[in-house]
Amino acid sequence: MDRPATQAATDVRHPRTGESAFAARLAREIQGEVLFDAASRGRYSTDASIYQIEPVGVVVPKTEADARVAIQIAAAEGVPILPRGGGTSQCGQTVGAALVIDNSKFLNQVLAFDAAARTAVVQPGVVLDQLNAYLRPHGLWFPVDVSTSAQATLGGMAGNNSCGSRSIRYGNMVHNVLGIDALLADGSEFHFGSSDALAGGPQAYQDLVARVHAVVRREAAEIEARWPKVLRRVQGYNIDMVQPGVEASMLPHNLAHLLVGSEGTLAYTRRLHLALSPLPRHKTLGVCHFPTFHQAMLAPQHIVKLAPTAVELVDRTMIELARGNAAFKPVVNRFLKGDPDAILLVEFAGDDRGEQLAKLKQLVELMADLGFPGGVVEITDVSLQKDLWEVRKAGLNIMMSMKGEGKPVSFIEDCAVPLEHLAEYTDKLTQVFAKHGTRGTWYAHASVGTLHVRPVLNMKGDGARKMRAIAEEASQLVRSYKGAAYSGEHGDGLVRTEWIAPIIGARLMRALEEIKDLFDPRNLMNPGKIVRGTKQDDRSLFRFKPGYAVQRFDTALDWSEWNAPSVPGADAAASAAASQGFMAAVEMCNNNGHCRKFDAGSMCPSYRATGNERDLTRGRANTLRLALSGQLGADAFTSDAMRETMDLCVSCKGCKRECPTGVDMAKMKIEFLYHYGKRHGIALKDRLIAWLPRYAPWAARLPWLANLRDAIPGLAALSESMLGLSAKRSLPKWRGDAFLSGSAAGPATGTQQAEVVLLIDTFTNYFEPENARAALAVLQAAGYRVHLARAGDGERPLCCGRTFLASGLVDEAKAEARRTIDALRPYVARGLPVIGLEPSCLYTLRDEFKAMLPGAESDALAARAVLFEEFLAAEHQAGRLNLKLAPLAQKKALLHGHCHQKAFGAMSSVEQVLGLVPELKVETVTSSCCGMAGAFGYEAAHYEVSMNMAEAALLPALRKADADTLLVADGTSCRHQIHDGLRAGNENSSTPREAVHVAQVLARALAAPAGR
Ligand SMILES: Cc1cc2nc3c(=O)[nH]c(=O)nc-3n(C[C@H](O)[C@H](O)[C@H](O)COP(=O)(O)OP(=O)(O)OC[C@H]3O[C@@H](n4cnc5c(N)ncnc54)[C@H](O)[C@@H]3O)c2cc1C
Ligand code: SF4
Ligand code: SF4
């Protein structure tokens, strides 16, 4: 017998009653993952909103049958059900005390595709960018181009009725979904599709349709009178679109359109039938400049008459943020004229290039008519258009990186007003913000009257009160414009459900409840969203609930950078606790899900390899936040669950650069390991690796002994069982000709006056001294006077401390950092560049030194520390590089970037430097982490994940390379991974392929006969 929902939900959350029985039954009956532990539930308790509700548990179905069984079991137990995709929603619709069904890991297949009919059938976990990558070769795309296209799943997009920048041309999700195969909580399964399907459906289906029709027909007059008319009307259920005849020109009558935008409250979407669009062949872009924001807001009503595909607003704050960013400044300078208060990006797209150019001309004329002659910068260059759109996206990211307690909060950020009211609406809302002591930055979809704006509020302090006050006034304002919508893009969820009724009225609100009850009479599907919701400002549902407090402890690293001042109105006690820098840095994660990227950039390789929320930057940040605020029980921060969460982080620093809010998980992992080590001790394997720089001089004296592990059969297996080092890996070979102990280690060498310091790291010195020799030769050939950095104590070479940091041995790493700073002080004082070869070592000087030993000396050294290729590229750009290079036999170089090269923006330097070799064509592999990541990949426990990371992109790309293509990788562990990866299955080859350091390439070019 079915249990009542509320009773069962309480039972199952009790650790010794329903929960274990429920979880056990799920685990028995499905193949997929069943996650009921506290940390997993915590990781699924947030989306990109301000809310946090712990779910009953999580199921990650492996098959559609799994999803079906999980829903059946939950329904039988009376447990609410919450379907989930990327969890990137901004309104709290993806959190709830329910069984979460995460479709993103396994249910992500394109099941059918018909290029001629331009249709596809997909599972709900397919990510938009993945679908579009699949469609691109066929000249098609799915055109609902949400900003979160690399994370948003089609199921989640349908759940939210998502809308993209180009909705004025392509419509919202609802206009692009042809049908949905859905599971209802009562166990029934229907295909909801066009009106053609109605007649033939089963009786239960026909009954449901008839009842829905009865409601919408009864309310037709009220819908006509009260329902918003703008395109971006995503509140409630789309009852205006399921009346036969409505929008008949665009849509056949289709009940699937009721499920679109229903936020998982009516049914679970098992499959989506999608309409596809042809990819436009040509695009042009006009950047319209306005002296005032108000004038910019008056213009869209006229511009849309030219039928653009997008009209996007960028205001002064965003422009300034972009201008202040080194990467974007050159792009901004290419399209910006003078000092506008706002710009509108107007895009035209289609197959006829002439037509797009003509449209651009019309835009120029229109702007002149509006009083802005010469106000358009015309952009026809495709790559500049692409760069410009990137700037538009990055502006939001920079805004979101605001430090301190005050954050831009999403709650009224997508009201949609008819274009003729846009200027007045933005003026009035700005006044509302000012009245409440805050302000907002405006951007986004001017074409459809949906402007994003986020007032800065402190949600640990008086943010809730201000939020309600602003929301009340914004709601009244929107109501005053006939046809306007309060939810114009991101949905209702917890933040806007209570604001549906003020817009559509109590009568239509009751109609929505009737619809809900027809589909889900037991209120099991994502309860509390869209109908019968909670108060927006119910702080018990917030991420920062009343009483939220942060544990206090001494940190190993300096986190004061995040101790930004609070905004006025903050609760003093809470503010003081949260201002503890480490926690403030952790709290920077706002769950936007950007780390779920799968193609461009590095972030986050461990998630790419496993697909687990746990192994994602977001998952780690959430677990840290919950642990540090005492929500996962006592000592959770140093628990084994925490260790598991951090385990697969390869410290690539991808997030440090690519996370919009700058979450630096590599640094957080060091802090965690330090405290974990203090409590649990350090494993022998980790000690062996950590202390390598200290025993290296001895090992190098007897290399045959140090290398025995790989020379004697059976020892590798023994090392695996005793130490946990994978027997499938060879270890780096100790060399008897270490660079710093040989003849090269003399005094400063070179002929000219320009002096540099070469800092040779432990790995280069003892395992690959030829790289140091190559670098020295190149620098000398270029005429530099090279000082070799040496320790003042003369005991052993200098060390950056990276191996200690990798085990959380921060005190030992600090000692190494101190030695290095002391030894380099005289050079740094003279302003000499300190050049390193190994990215992870050199960047420790630029990054962790400042966190370990904050102060002027670390800052000064960090400012002088450069990678070999960065130094040469800068010298070349300054016109000072006098390096004579000749063509090599190989004409192509395939380059793999070390994660830290990417994180510190050094890839263009290595590309430029390789490009100095005459006739050498340089191509960079689009790859994330190679998977070796220092000692990570050597560990038996990590071997498989490590190889999965390498196989994700890097190794397949290298295998495709011609035999005479140079493989270049500047990281020592990357080279080892490439060696192992290319050898696998090719063990008997007499010429195994190896990657080389860029210094080797240049040195070979120096020596090439053709150049001499
Ligand atoms: C920085 C940022 C930018 C954004 N930009 C945009 C934008 O440009 N346009 C836009 O529209 N939105 C935007 N969003 C909001 C969000 O990213 C989109 O709505 C996205 O489509 C949600 O996809 P998801 O996979 O993350 O869905 P989720 O958040 O996981 O789910 C969304 C809703 O759909 C339901 N759902 C998920 N799967 C199913 C299923 N199988 N069956 C039934 N219901 C299901 C969920 O229960 C939930 O209610 C943005 C968000 C952020 C953080
Ligand atoms: S870690 Fe960064 S990218 Fe990932 S969800 Fe958090 S804020 Fe977004
Ligand atoms: S450092 Fe790399 S592996 Fe670790 S969380 Fe960040 S992106 Fe992921």
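As shown above, the structure is provided for reference.
Since we're looking at a predicted model, the values are computed, not measured.

The rules behind the values
Residues numbered from 1 in each chain as written. Chains lettered and ligands numbered in written order. Predicted model: local features only at pLDDT ≥ 70, side-chain atom pairs only at ≥ 80, totals over all residues. Heavy atoms only, no water. Helix = DSSP H or I, 4+ residues; strand = E, 2+ residues; numbered from the N terminus. Rg over C-alpha atoms; globule rule 2.2 N^0.38 Å. Buried < 20%, exposed > 50% of the residue type's maximum accessible area, 1.4 Å probe, protein only. Contact = heavy atoms within 4.5 Å. Areas by Shrake-Rupley, 256 points an atom, 1.4 Å probe, with all protein chains shown as cover. Lys, Arg positive; Asp, Glu negative; His and termini not counted. Charge placed at Lys NZ, Arg CZ, Asp CG, Glu CD. Near = heavy atom within 4 Å. Nonpolar A, V, L, I, M, F, W, Y, C, P; charged D, E, K, R; others polar. Polar contact = N/O pair within 3.5 Å; in protein donor to acceptor, adjacent residues only side chain to side chain. Expected span 1.5 Å × (residues − 1). Pairing = 2+ DSSP bridges. Axes fitted to C-alpha atoms, helices over the stretch in contact; angles between N-to-C directions. Phe/Tyr/Trp six-rings, centres within 6.5 Å; stacked < 30°, edge-to-face > 60°. Parallel < 35°, antiparallel > 145°, perpendicular 65-115°, else oblique. Left-handed = near helix turned anticlockwise from the far one by under 90°. Patch = residues over 30% accessible without salt bridge, like charges linked within 9 Å, V, L, I, M, F, W, Y side chains within 5 Å. Salt bridge = Lys/Arg side-chain N within 4 Å of Asp/Glu carboxyl O. Disulfide = S-S within 2.5 Å. Core = buried A, V, L, I, M, F, W, Y, C linked by side-chain atoms within 4.5 Å.

Asks: Where do I start with the overall build of the protein chain in this structure?
Replies: Looking only at helices and strands, the protein chain has 47 helices and 26 strands in total. A compact globule built from 1012 residues should have a C-alpha radius of gyration of about 31 Å, and the protein chain, at 30 Å, falls within 12% of that. C-alpha atoms of the protein chain, sized along the principal axes, occupy 95 × 75 × 60 Å. Here the protein chain holds 1012 residues, and the buried ones make up 61% of them. The long-range fraction of contacts in the protein chain, counting pairs at least 24 apart against all pairs at least 6 apart in sequence, stands at 75%. Put simply, the protein chain shows about 36800 Å² of open surface, and 53% of that area lies on carbon and sulfur atoms. For the protein chain, the distance from the average position of its 112 positive side-chain charges to the average position of its 108 negative side-chain charges is 2 Å.

Asks: I'm lost on the site of ligand 2 in this one. Help?
Replies: The local shell around ligand 2 holds 13 residues, among which C589, N592, G593, C595 and C659 are the closest. Of the residues in the shell around ligand 2, the class split is 5 nonpolar, 7 polar and 1 charged.

Asks: How should the environment of Q536 be read in this particular structure?
Replies: Assignment of secondary structure puts Q536 in the loop between α21 (506-519) and α22 (572-578). Reaching out from Q536, the side chain makes a polar contact with the side chain of W499 at a distance of 3.4 Å.

Asks: Is there a simple way to explain helix α46 (residues 972-983) in this structure?
Replies: Side chains three or four residues apart in an α-helix point the same way, a direct result of the helix having 3.6 residues per turn. Here α46 spans 17 Å end to end across 12 residues, near enough to the 16 Å set by a 1.5 Å rise per residue. Of all the 12 residues making up α46, 10 are buried; the element is thus mostly covered by neighbouring parts of the structure. Among the residues of α46, T972, S973, C974, R975, H976, Q977, I978, D980, G981 and L982 are the ones counted as buried. Tucked into the core, α46 has its buried residues touching α34 (762-767), α35 (769-781), β24 (892-896), α44 (943-952), α45 (954-960) and β26 (966-969).

Asks: Which parts of the structure should I look at to understand the sheet that holds strand β23 (residues 865-867)?
Replies: In a beta sheet, neighbouring strands are held together by backbone hydrogen bonds and run either parallel or antiparallel to one another. Here 4 strands make up an open sheet; going across it, the order is β21-β20-β22-β23 and the pairing parallel. Looking at strand neighbours, the two that pair on one side only are β21 (785-788) and β23, the edges of this open sheet. Between one strand axis and the next, the sheet turns by 35° as a mean value, whatever way the strands run. Bridge count between strand β20 (residues 755-759) and β21: 4 bridges; the pairing is parallel. Considered in β21, the bridge of V756 is made with V786. Helix-sheet contacts for helix α41 (residues 868-877) involve β20, β22 (834-836) and β23, and the interaxial angle to β23 is about 90°.

Asks: When you look at the packing of aromatic side chains in this model, what are you seeing that I'm missing?
Replies: When we look at a pair of aromatic rings, we describe it by the centre distance and by the angle of the planes. Under the defined criterion, the tally for this structure stands at 29 aromatic pairs. Measuring from centroid to centroid gives 4.8 Å for W559 and F582, while their planes differ by 45°, and the two rings are tilted. Of the two residues, W559 is situated in the loop between α21 and α22 and F582 in helix α23 (residues 581-586); the sequence distance between them amounts to 23 residues. According to the relative accessible area criterion, F582 is buried, its value standing at 2%. Pairing F582 with F637 gives two aromatic rings, centres 6.0 Å apart and planes at 55°, and the pair type is tilted. Here F582 is found in helix α23, whereas its partner F637 is found in the loop between α25 (617-628) and α26 (640-647), with 55 residues between them in sequence.

Asks: Which parts of the structure should I look at to understand the sheet that holds strand β3 (residues 81-84)?
Replies: Ordered by their spatial adjacency, 4 strands build an open sheet running β1-β2-β4-β3, and the pairing between neighbours is mixed. A strand with exactly one partner marks an edge of an open sheet, and here the two such strands are β1 (33-35) and β3. Adjacent strand axes in the sheet meet at a mean angle of 20°, parallel and antiparallel pairs treated alike. Strand direction decides the pairing type here: β1 and strand β2 (residues 57-60), joined by 3 bridges, are antiparallel. If you follow L35 over to β2, its bridge partner there is V58. Those strands touched by helix α4 (residues 64-77) are β2, β3 and β4 (99-102), and its axis lies near 175° from that of β4.

Asks: Is there a simple way to think about the site of ligand 3 in this case?
Replies: Taken together, 13 residues sit near ligand 3, with C604, R620, C649, C652 and C655 positioned nearest. For the shell around ligand 3, the elements supplying multiple residues, two or more each, are α24 (605-610), α25 and α28 (665-680).

Asks: Whenever I open this one, the packing of helix α17 (residues 422-435) against helix α18 (residues 463-479) confuses me. Can you help?
Replies: When two helices pack together, you describe them by how their axes are tilted relative to each other and by the distance separating the axes. At a closest axis distance of 10 Å, the pairing of α17 and α18 adopts a crossing angle of 160°. For the element pair α17 / α18, the angle class is roughly antiparallel. Crossing of α17 against α18: the hand is right-handed. Contacts from Y425, K428, L429, V432, F433 and K435 in α17 reach I470, E473, A474, L477 and V478 in α18. The residue inventory of the contact of α17 with α18, partitioned by class, reads 8 nonpolar, no polar and 3 charged.

Asks: How should I be thinking about a nonpolar patch on the surface in this particular structure?
Replies: Together, L702, W704 and L705 give the surface a local cluster of nonpolar side chains, amounting to about 330 Å² of exposed area. Locating L705 in the fold gives a position in helix α31 (residues 703-706). A relative accessible area of 41% means that L705 is categorised as partly exposed.

Asks: I tried to follow the pattern of salt bridges on my own but got confused; where do I start?
Replies: Close approach of charged atoms allows side chains with opposite charge to pair. Counted by the stated rule, this structure contains 66 salt bridges. Across the pair D980 and R729 runs a salt bridge whose closest N-O atoms are separated by 2.9 Å. One end of the pair, D980, is in helix α46; the other, R729, is in the loop between α33 (715-723) and β20, with 251 residues separating them in the sequence. Note on accessibility: D980 and R729 belong to one class, buried. Salt bridges linked by common partners bring E64, R68, D181, E189, R270 and R271 together as one network.

Asks: In this structure, what is going on with the state of the cysteines? I would like to understand it.
Replies: The term disulfide refers to a covalent linkage connecting the sulfur atoms of a pair of cysteines. Per the counting criterion, the structure on display carries 0 disulfides. As a non-bridged cysteine, C841 has C800 as the owner of its nearest cysteine sulfur, 3.9 Å distant.

Asks: Can you help me understand the nonpolar core in this one?
Replies: Most often, soluble globular proteins keep nonpolar side chains buried together rather than apart. Membership of the largest hydrophobic core comes to 186 residues, with the highest contact counts inside it found for F142 and F192. With 8 residues, helix α37 (residues 810-829) is the single largest residue contributor to this core. Leaving out residues up to four positions away in the same chain, F192 has contacts with L178, G179, I180, A182, L184, Y205, L208, N254, L255, A256, L259 and F519. Membership of the second largest hydrophobic core comes to 44 residues, among which are L872, A873, L885 and V998.

Asks: How should I be thinking about the environment of A299 in this particular structure?
Replies: By the element assignment, A299 lies in the loop between α11 (293-298) and α12 (300-303). C-alpha separation for the pair A299 and I50, spaced 249 residues apart in sequence, amounts to 34 Å. Those residues in contact with A299, other than ones at most four positions away along the chain, are F290, L344 and L370.

Asks: Just to check I follow, could you spell out α18 for this structure?
Replies: Along its 17 residues, α18 runs 24 Å from first to last C-alpha, staying within 8% of the 24 Å computed at 1.5 Å per residue. Taken together, the buried positions of α18 are occupied by G463, A464, K466, M467, R468, I470, A471, A474, S475, L477 and V478. Among the structural elements, α17, β19 (456-457) and α20 (500-504) are those in contact with the buried residues of α18.

Asks: Would you explain unusual backbone geometry in this entry?
Replies: Excluding glycine, residues mostly carry a negative phi; peptide bonds, for their part, are mostly trans. A cis geometry characterises the amide bond from M603 onward to C604, with omega recorded as -10°. Among the structural elements, C604 can be located in the loop between α23 and α24. Residues other than glycine seldom take positive phi values, yet N523 does so here, at roughly 55°. Within the secondary structure, N523 is located in the loop between α21 and α22.

Asks: Whenever I open this one, the side chain of T284 confuses me. Can you help?
Replies: Topologically, T284 is positioned in strand β12 (residues 282-290). A relative accessible area of 1% places T284 in the buried class. Once residues lying within four places of it in the same chain are set aside, the contact partners of T284 are V346, E347, F348, Q356, L357, L360, I379, T380 and Q385.

Such coordinate-based values are descriptive only and should not be taken to indicate function.
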